[in-house]
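Chains, contacts and geometry: an overview
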Amino acid sequence: MAEPQTVPTAAVGLPAPTSPAETISGDNISAFRERSADPLADLTTLYDLTDRLSSAPDLAAALAGVLADGAALIGARRGMLLLSQPCTTLGLGLDHAALGALETVPTAQVLRPAGGEPTGDRFQEVAGQLGIGASYAQPLADLGSVVWFYDTLAQPSEREQRLAGLYCASAARLLAKEVERDRLRRTADALRRGLLPSGLPRPSGMALAARCVAAGLDGAGGCDWYDAISLPEGALALSVGSVTGGGADSAAAMGRLRAALRAYAVLEGEDPVAVLGDLELLLKSTEPARTATALYAYVEPGARRLSLAGAGQCPPLLVTSFGASFVETSLSAPLGMLSCWEAPGVELRADRGDVLLLYTDGLARRCGSSLHAGQARLRAAAAEAPRDVRQDPERFCDYLLETCVGDRAPAPGTDDVVLLAARFE
């Protein structure tokens, strides 16, 4: 079985527990079951539960709803849901130890076809340890099964069994669609990650690190990339960017654009404005309905010289021993937006120990309440980074993510978070 997870109770008219092991109170169960005593109320309850299940934000929430709402329908306090594909085990009112113990029981013993006293030597042993008096199981078509546990020797009434059966039949159809959507999300995300570099070059005189925190393709504001390639004569090309749109099409467009940028970097990488100009012409010819933002930097590690140009992308940060400052490269529109794209180039020289940070809008937007506020917070965090952290690009990237983003999960529609750090040695 899969690694166990515990989900909170969430049923119509029932409060969520304050801890994973808390169960539904007897008073709330009685009130819920009295509401379902009338046939019309039964239909209303089934409609409400099915409607709420259809609006679950993701597969995990849908599975949690089936487990908890089904428990309320039959008056159970605890339960376990087993999903075959993807292999998932969820528990209701069970901590990790209890759920782990139940997973040692043969599935045939756990998923009994009807309520009543648990049978099977191993099930009886575990049930006695956990205070389980009886169980009741329902199939979820070919997706898996769900089983609920009673504290005493009891089983649902005929009406409750009928309600649970109808609910699980409806839930199985909805879950099948959610499982397919989840599979497509995973496939699209794997596609996008596969289009990003599998590794970064290790040029003499420079250390690199990058991070990409995907927001999910569904509803995302764009599909971001980062890249770093070695050029002739020891030079280095760095880039970050974002293609508008969401879904697998956006990920594919991002891959095509990044591949083209690589080719232009090899051909004329020392001129960032020319590289982005060629990229804009290609975008208009092959992706006329899309726009993109991009930042390209041509770096000579030995001489510590940089040439940069940006197209609607947040300006990079140059972090030195004196603080952090923006390198203004944002005085231009995104690619594909204007009839003729133009941008100024920027040249500068770095000192040994300086760090150049390239990032996409998603990082700045996640850092603050607005793009401007997020950039200010990012700059402050970079300037305040401990010296030993700045000396290691890997640690520096992790520090910025932890300081500016923390453990906040991306909201629906949120952009990806991409950052690329280059330290001169």
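The structure displayed is predicted, hence computed values, not measured ones.

Thresholds, definitions, all that
- Along each chain, numbering runs from 1 in the same order as the chain's sequence is written.
- In keeping with the model being predicted, local features are shown solely for residues with a pLDDT of at least 70 and side-chain atom pairs are shown and tallied solely at 80 or more, while totals for entire chains, interfaces and linings include all residues.
- Only hydrogens and water are set aside when side-chain values are computed; all heavy atoms of the structure are taken into account.
- The rule for a disulfide is simple: a pair of cysteine sulfur atoms within 2.5 Å.
- Residue burial is assigned from relative accessible area. The probe radius is 1.4 Å, only protein chains are included, and a residue is buried under 20% of its type maximum, exposed over 50%, and partly exposed in between.
- A helix here means a DSSP run of H or I that spans at least four residues, while a strand means a run of E at least two residues long, and both kinds are numbered starting from the N terminus.
- Take the residue count of a helix, subtract one, and multiply by 1.5 Å to get its expected span.
- Here, the arc refers to the directions that run from the helix axis to the C-beta atoms.
- A pair of strands is treated as paired once DSSP finds two or more bridges between them.
- Here an axis means a line fitted to C-alpha atoms, over the contact stretch when the element is a helix, while the angle between two N-to-C directions is reported on a 0 to 180 degree scale.
- Contact between two residues is taken to exist if any of their heavy atoms lie within 4.5 Å; hydrogens are not considered.
- Pairing of aromatic rings covers Phe, Tyr and the six-membered ring of Trp, with a centre-to-centre limit of 6.5 Å; geometry is then stacked below 30 degrees between planes, edge-to-face above 60, and tilted otherwise.
- Distance and chemistry together define a polar contact, namely a pair of N or O atoms within 3.5 Å, with one atom able to donate a hydrogen and the other to accept it when in protein, and with adjacent residues in sequence counting only for side-chain atoms on both sides.

The full count for this structure, using the stated rule, is 0 disulfides. No disulfide involves Cys404; its sulfur sits 3.5 Å from that of Cys367, the nearest cysteine. Here Cys404 falls in the buried class, since its relative accessible area comes to 0%.

With 16 residues, helix α2 (residues 39-54) ought to run about 22 Å at 1.5 Å a step, and its terminal C-alpha atoms sit 23 Å apart, in line with that. Every buried residue of α2 is listed here: Ala41, Asp42, Thr45, Leu46, Leu49 and Leu53. On an axial view of α2, the arc spanned by its buried residues comes to 140°, and they lie on one face. Residues of α2 that are exposed and angled more than 90 degrees away from the buried face: Leu40, Leu43 and Tyr47.

Our focus in this paragraph is the sheet that holds strand β12 (residues 323-326). Taken in spatial order, the 5 strands of this open sheet run β6-β15-β14-β11-β12, and their pairing is antiparallel. Edge positions in the sheet fall to β6 (206-213) and β12, since each has one partner strand and no second. Each strand axis lies, on average, 20° off the axis of its neighbour in the sheet, ignoring direction. Pairing geometry for strand β11 (residues 317-320) and strand β14 (residues 355-359), over 3 bridges, is antiparallel. Looking across to β14, one finds that Val319 is bridged to Val355. Running at roughly 145° to β12, helix α11 (residues 371-383) makes contact with β11, β12 and β14 of the sheet.

For the rest of this paragraph, the subject is the packing of aromatic side chains. Two aromatic rings, taken as a pair, are described by how far apart their centres are and by the angle between their planes. Under the counting rule described, the total for this entry stands at 1 aromatic pair. Ring geometry for Phe123 versus Phe149: centroids 6.3 Å apart, planes at 80°, classification edge-to-face. Taken together, the residues span a long stretch of sequence, with Phe123 in helix α6 (residues 121-130) and Phe149 in strand β5 (residues 144-150) at a distance of 26 residues. Pair check on accessibility: Phe123 and Phe149 agree, each one buried.

For strand β4 (residues 134-139), a buried count of 5 out of 6 residues is recorded, marking the element as mostly surrounded by other parts of the structure. Counting the residues in the hairpin turn of β4 and β5 gives 4 residues, including Ala141, whose phi is positive at 55°.

The next subject is the side chain of Asp416. With respect to the helices and strands, the residue Asp416 is situated in the loop between α13 (393-405) and β15 (417-424). Only 3.1 Å separates the side chain of Asp416 from the backbone nitrogen of Asp224, close enough to count as a polar contact.

Shape is all these values report; function is a separate question.
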